[in-house]
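Listed here are the chains, written in short residue letters.
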Amino acid sequence: MRIAKTIGGSILLLLLLLAAFEARAVVLWSSYDSITVHENGPGTDLLGGALKRGDDANDTLYFKFRVEPISDETTEPYFAALELLEDDTERLGVGNALEAWAYSVFFPGAQSSGVPPAGYLDLHSAHPDANALAHQAKYQCPRRGEPAVIVFKIQYIPHSDAMVTVWLNPDLGPGGNEINQPDALTTRFHAKATFDELRLRHGGKGGGWTFSDVEIATTFNDFVDSSSDRPGTGGANLLESEGSLQFQSWLRNQGLSQLPVRALQQTKDGYLWIAGASEIERFDGLKFVPLNVRVAGTNYSKPTIFADSQGALWFAAPGGLQRVQKSRLTTLTTDEGLPSSRIMALNEDAQQNIWIGTAAGLVIWNKGRVLPLSGAESIRGRSITAIAKDHQGTIWLVVDEKEIFKFSQGRLVRAATGYSKEWMTNIRGLLLDQADRLWLSMGDGAIVCQDNEGWHRYRLTKRISGSRVNALAEEPDGTIWAGTTGGLFLFSKGKFSAVPASSRLAGNSVESLFV
């Protein structure tokens, strides 16, 4: 888990690493479990005999995997790799060779001096380390907290060495393909690559490597995400030039102790408040200070926190709701009038009333009192799963994850009609943008939008089992961002585009967005 922001922009992200994917039919074999290997000797076969290639093979296979180094350049020497073996003989290892500092491959006959088994080749990188040694100037060293994705292709030639191509952090976003991968991140060589086992291995110093998202397929495009169901024209402006998006990350090494991070808010005094699995930390841009209070993950196991216009921080706590302002803590429970101790959503209206959505209804906090909302009989006792405010100050609600209401002229009215009921299931959040469009984030990996032309549905994460859109946000320039279990997306020119791997966004899942 990490926090990141775009340099030169104003979007902040909370990233949660997940590995809950489903393989498409064209993928020959896959394992999406997150596996940490550390000093594991010869390793264990992942394939179980499901796939192998002998000396007479004449086809092409593509391999993909993701790594999060724990052992890195500060813990050398070590080796860590996905290895292809045949009859217990190491044929090809992809990751980091024992005597290599950079991401590398090793195989018998490689023209270098690394073991195991006899040599290695450093992998080219589009983002080489600026502070690397002279001979490493065009290579990228594994670093803790900086995940990498590696794709490699084996073109088998019967009774001869195969042609191997390796891409370090290729672009697998919408529109990505094999032909357009830059030469700067491409490494080519010949090696014997027959195999009957696939193993993950680590040996030497450090805490090992965490592998996930391992796939074997027949084409490069099998790994490429096709973001949106709705066709668009052109890509997002921010993604058209490589390096246009840059991210700054704060990790455990920078003092962030609450892992995983779940939610983010900013109070009037400028402090950022970060809700972790059980506690809240305050961040001033330099250091993290714990609030020493407990938070409750009541909405999809995600803590609910909110910063109001008066400088107070509200958060769901075990047993109810708490408010902190100027070191003073106020606690609200069912004894004070909450319909339920399970807090699902919070927001504030133009009159500085705090709207409190619970698992059993809605109430308003006004000048220290908890009051029922007049005119809200239609939602009494029902779960309020999201609350948002539009640019005119109107409050909108999601009820029972499937119905949308707004508070207009002193009463709640059903809003956003005329949609397909099949689309409106498991609504996780809503956003009303400057153009008066209604955006809904869905638990099935889709986004639904209502504009002047009607309803549109965008499917963002087709390949992920249990995929969901966790967060929506709008920047002052009108750019819409979406955080999902499958990455970060932005909306431009009628389509959602994924932030590519080349941007080096740390993390595989965006849990929360804050502008």
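Keep in mind the model is a prediction, meaning the values are calculated, not measured. (Residues numbered from 1 in each chain as written. Predicted model: local features only at pLDDT ≥ 70, side-chain atom pairs only at ≥ 80, totals over all residues. Heavy atoms only, no water.)

Visitor: Requested: an account of the overall build of the protein, with residues and values cited.
Guide: Broken down by element type, the protein carries 0 helices and 40 strands. Residue burial in the protein is summarised as follows: out of 515 residues, 55% are buried. At a minimum sequence separation of 6, the contacts of the protein that also span at least 24 residues come to 57%. Total accessible area on the protein is roughly 21300 Å²; 46% of this is exposed by carbon and sulfur atoms. (Helix = DSSP H or I, 4+ residues; strand = E, 2+ residues; numbered from the N terminus. Buried < 20%, exposed > 50% of the residue type's maximum accessible area, 1.4 Å probe, protein only. Contact = heavy atoms within 4.5 Å. Areas by Shrake-Rupley, 256 points an atom, 1.4 Å probe, with all protein chains shown as cover.)

Visitor: Describe the pattern of salt bridges, listing the residues and the values that go with them.
Guide: Scanning the entire structure with this criterion turns up 16 salt bridges. Between Arg 382 and Glu 403 there is a salt bridge, and its shortest N-O distance comes to 2.3 Å. You can see Arg 382 sitting in the loop between β27 (369-372) and β28 (384-389) and its partner Glu 403 sitting in strand β30 (residues 403-408), a full 21 residues away along the chain. By the burial criterion, Arg 382 is buried, and Glu 403 matches it. A salt bridge links Asp 433 to Arg 437; the shortest N-O distance between them is 2.7 Å. With relative accessibility at 1%, the residue Asp 433 sits in the buried group. Through salt bridges with shared partners, a single ionic network connects Arg 382, Asp 400, Glu 403 and Arg 414. (Salt bridge = Lys/Arg side-chain N within 4 Å of Asp/Glu carboxyl O.)

Visitor: Describe the sheet that holds β28, listing the residues and the values that go with them.
Guide: Spatially, β28-β29-β30-β31 is the arrangement adopted by the 4 strands of the open sheet, whose pairing is antiparallel. Both edges of this open sheet fall to β28 and β31 (411-414), since each of them pairs with a single strand only. Strand-to-strand, the axes of this sheet are offset by a mean angle of 25°, without reference to chain direction. Here 4 bridges tie β30 to β31, and the two strands are oriented antiparallel to one another. Across the sheet, the residue bridging to Phe 405 is Arg 414, located in β31. (Pairing = 2+ DSSP bridges. Axes fitted to C-alpha atoms, helices over the stretch in contact; angles between N-to-C directions.)

Visitor: Please provide a residue-by-residue account of the environment of Ser 374, values included.
Guide: Examined against the element boundaries, Ser 374 turns out to sit in the loop between β27 and β28. On the basis of relative accessibility, which here comes to 57%, the residue Ser 374 falls in the exposed class. For Ser 374 and Gly 410, which are 36 residues apart along the polypeptide, the C-alpha to C-alpha distance reads 7.5 Å. Among residues more than four places away in sequence, those in contact with Ser 374 are Phe 407 and Gly 410.

Visitor: Lay out the confidence of the model for the protein in plain terms, naming residues and giving numbers.
Guide: Overall, the prediction assigns the protein a mean pLDDT of 82, with 83% of residues at 70 or greater. Counting interchain partners and residues more than four positions distant, the pLDDT-below-50 stretch residues 113-117 has 15 contacts. A low-confidence stretch, residues 227-238 stays under pLDDT 50, and its non-local contacts, those more than four residues away or across chains, total 38 contacts. (pLDDT = per-residue confidence, 0-100.)

Visitor: Explain the nonpolar core to me, using residue names and the numbers behind them.
Guide: Phe 152 and Ile 154 are the most contacted members of the largest nonpolar core, which has 39 residues in total. Every residue in contact with Phe 152, bar those within four places of it in the chain, is listed here: Leu 61, Tyr 62, Phe 63, Phe 65, Leu 82, Leu 84, Leu 92, Val 94, Thr 165, Val 166 and Trp 167. The next biggest cluster of nonpolar side chains, apart from the first, holds 17 residues, and it includes Ala 415, Leu 438, Ala 446 and Trp 455. (Core = buried A, V, L, I, M, F, W, Y, C linked by side-chain atoms within 4.5 Å.)

Visitor: Which residues make up the pairing of strand β11 (residues 162-168), and what values go with them?
Guide: Across the 7 residues that make up β11, a large majority, 7, are buried. Here β11 shows a buried face lined by Ala 162, Val 164, Val 166 and Leu 168 and a second buried face lined by Met 163, Thr 165 and Trp 167. Relative to β11, strand β10 (residues 148-155) runs antiparallel, the two being bridged by 6 bridges. In the strand pairing of β11, Phe 152 is matched with Val 166.

Visitor: How would you explain the pairing of strand β35 (residues 454-459) if you had to name every residue and give the values?
Guide: Note that strand β34 (residues 446-451) and β35 share 6 bridges and pair antiparallel. Bridging from a neighbouring strand, Ile 447 pairs with Tyr 458 of β35. In sequence, β34 turns back onto β35 through a hairpin of 2 residues.

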